[in-house]
Amino acid sequence: MKVFQSSAAKMRLIGGQLCLDFVNTVDGRGSYSPRGNSPSANNVLGDKLGNYLDLVGWSRHAGIITVLESRRLIEEGRRKASEAGKVFERALALREALYRIFKAILTDRQPQSVDLDTVNDELQRARSHERLTRAGDGFTWEWTGPATALDRMLWSIAHSGAEYLTAGDLSRLRECGGEECGWLFEDTSKNRSRQWCHMQDCGNLEKVRRFRARQHHGSKMKRPA
Ligand SMILES: [Zn+2]
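Remember, it's a predicted structure, so these values are computed and weren't measured experimentally.

Conventions adopted
Numbering of residues begins from 1 in every chain and follows the order in which that chain's sequence is written. A pLDDT threshold of at least 70 governs which residues receive local features in this predicted model, and a stricter bar of 80 or more applies before side-chain atom pairs are shown or counted, although totals over entire chains, interfaces and linings include all residues. Side-chain measures were taken over the full set of non-hydrogen atoms in the model, leaving aside hydrogen atoms and water. Only one rule defines a salt bridge in this text: a Lys or Arg side-chain nitrogen within 4 Å of an Asp or Glu carboxyl oxygen. Helix and strand assignments come from DSSP, with helices taken as H or I runs of at least 4 residues and strands as E runs of at least 2, each series counted from the N terminus. Partly exposed residues are those whose accessible area sits between 20% and 50% of the maximum for their type, while under 20% is buried and over 50% is exposed, using a 1.4 Å probe and protein chains only. Only centres within 6.5 Å qualify two rings of Phe, Tyr or Trp (six-membered ring in Trp) as a pair; their planes then separate them into stacked at under 30 degrees, edge-to-face at over 60, and tilted for everything else. Comment: the charge-over-ring label is applied if NZ (Lys) or CZ (Arg) is within 6 Å of the ring centre and within 35 degrees of the ring normal. Metal coordination here is assigned from N, O and S atoms located within 2.8 Å of the ion, or within 3.2 Å for Na, K and Ca; omission of water means that sites may look incomplete. For a four-donor site, all angles between 85 and 135 degrees give tetrahedral; for four or six donors, opposite pairs above 155 degrees with the remaining angles between 65 and 115 give square planar or octahedral; all remaining cases count as irregular. By nonpolar core is meant a set of buried Ala, Val, Leu, Ile, Met, Phe, Trp, Tyr and Cys residues that side-chain atoms within 4.5 Å join together. Residues count as neighbours in contact if any of their non-hydrogen atoms are within 4.5 Å of one another. Orientation is described by axes fitted as lines to C-alpha atoms, over the contacting stretch for helices, and by angles from 0 to 180 degrees between their N-to-C directions. Here roughly perpendicular refers to angles of 65 to 115 degrees, roughly parallel to angles under 35, roughly antiparallel to angles over 145, and oblique to all remaining angles. Handedness of each helix crossing follows the sense of rotation of the near helix against the far helix: counterclockwise by less than a right angle gives left-handed, clockwise gives right-handed.

K.L.:
If you had to explain the pattern of salt bridges to someone new, which residues and values would you point to?
P.N.:
Considering all chains together, one arrives at 17 salt bridges under this definition. A salt bridge links R29 to E96; its shortest N-O distance comes to 2.8 Å. Of this pair, R29 sits in the loop between β1 (26-27) and β2 (46-47) while E96 is found in helix α4 (residues 81-106), placing the two residues 67 residues apart along the sequence. R29 gets classed as buried once you look at its relative accessible area, which sits at 16%.

Written out as structure tokens, the structure reads:
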């Protein structure tokens, strides 16, 4: 199915929190400097979510909807294209609001109330679909509402954002050190030393960049470790 070929449905999920992985559907948020010799100079602000189908593909990939649910949503989205378009707009608004809130936390600033309002609006919609239910010996929350509710993935994302902001360890929130990356993640390493979204991506690129910079400045030549 085409939806699973979307780049959003193949991206690395490295954030450690659903809400962070959702924010990471944009590449290149880091400070981009257009230096021609940069190893990934072409990788400027790339949004993996181009339409509602990408959103469904990512949601399936991230495990918040099943294959069956994704098929139903694709069919429903085709039938109600204008409604699906509105849900997609809401998804992007939620994503950018979450990004700005996380970025404010990272830079020790106050998040803007308009961004909190956006998350609260989605959270309120999500909560209206939450139901307490018995699970084994305990209890759990489950989502109620029609299987074809086009915005059902937003319930999980808004919930994840609110949970992380209220109960997560925000002192472990990090932005990837890759020059142009900008991906966010939760550093769960024991000594709080994780620098990269993924070593094979940004970690190695940064080593190459530093190596080249050293060569350029004529300082001590040393192979990247
Ligand atoms: Zn990175």
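K.L.:
So what's going on with the packing of aromatic side chains? Which residues, and what values?
P.N.:
Aromatic rings in a pair are described by how distant their centres are and how their planes are angled relative to each other. Scanning the entire structure with this criterion turns up three aromatic pairs. The ring of F139 carries the charged tip of R134 above its face, separated from the ring centre by 4.7 Å. Lying across the ring of F185, R194 places its NZ or CZ 3.9 Å from the centre.

K.L.:
Describe the coordination of the zinc ion, and please don't skip the residues or the numbers.
P.N.:
Note on metal sites: the ideal angle is 109.5 degrees for four tetrahedral donors, and 90 or 180 degrees for six octahedral donors. Protein ligation of the zinc ion involves C176 (SG), C181 (SG), C197 (SG) and C202 (SG), the donor distances falling in the range 2.3 Å. Classification of the site at the zinc ion rests on its four donor atoms, whose angles at the metal span 106 to 114°, yielding the label tetrahedral. Considered as a linear motif, the donors of the zinc ion on their single chain read C-x4-C-x15-C-x4-C. Of this pair, C181 sits in the loop between β5 (173-175) and β6 (184-186) while C202 sits in helix α7 (residues 199-216), placing them 21 residues apart in sequence.

K.L.:
Tell me about the nonpolar core, and name the residues and values.
P.N.:
Core analysis: the largest hydrophobic core is formed by 44 residues, its most contacted members being Y52, L55, W58, F102 and I157. Among the secondary structure elements, those contributing two or more residues to this core are α1 (18-23), α2 (52-61), α3 (67-79), α4, α6 (152-167) and β6. Of the residues forming this core, the biggest block, eleven residues, is contributed by α4. Each residue touching Y52, except ones within four places of it in the same chain, is listed here: L73, G77, A84, V87, F88, L150 and M153.

K.L.:
Before we move on, can you summarise the packing of α4 against α6 with the specific residues and values?
P.N.:
Two elements in contact, α4 and α6, have axes separated by 11 Å at closest approach and are oriented at 10°. In this view, α4 runs roughly parallel relative to α6, as classed from their interaxial angle. Between α4 and α6 lies a crossing of left-handed hand. Facing V87, R90, A91, L94, L98, I101, F102 and I105 of α4, the residues of α6 in contact are L154, I157, A158, G161, Y164 and L165.

What is shown is where atoms sit, not what they do.
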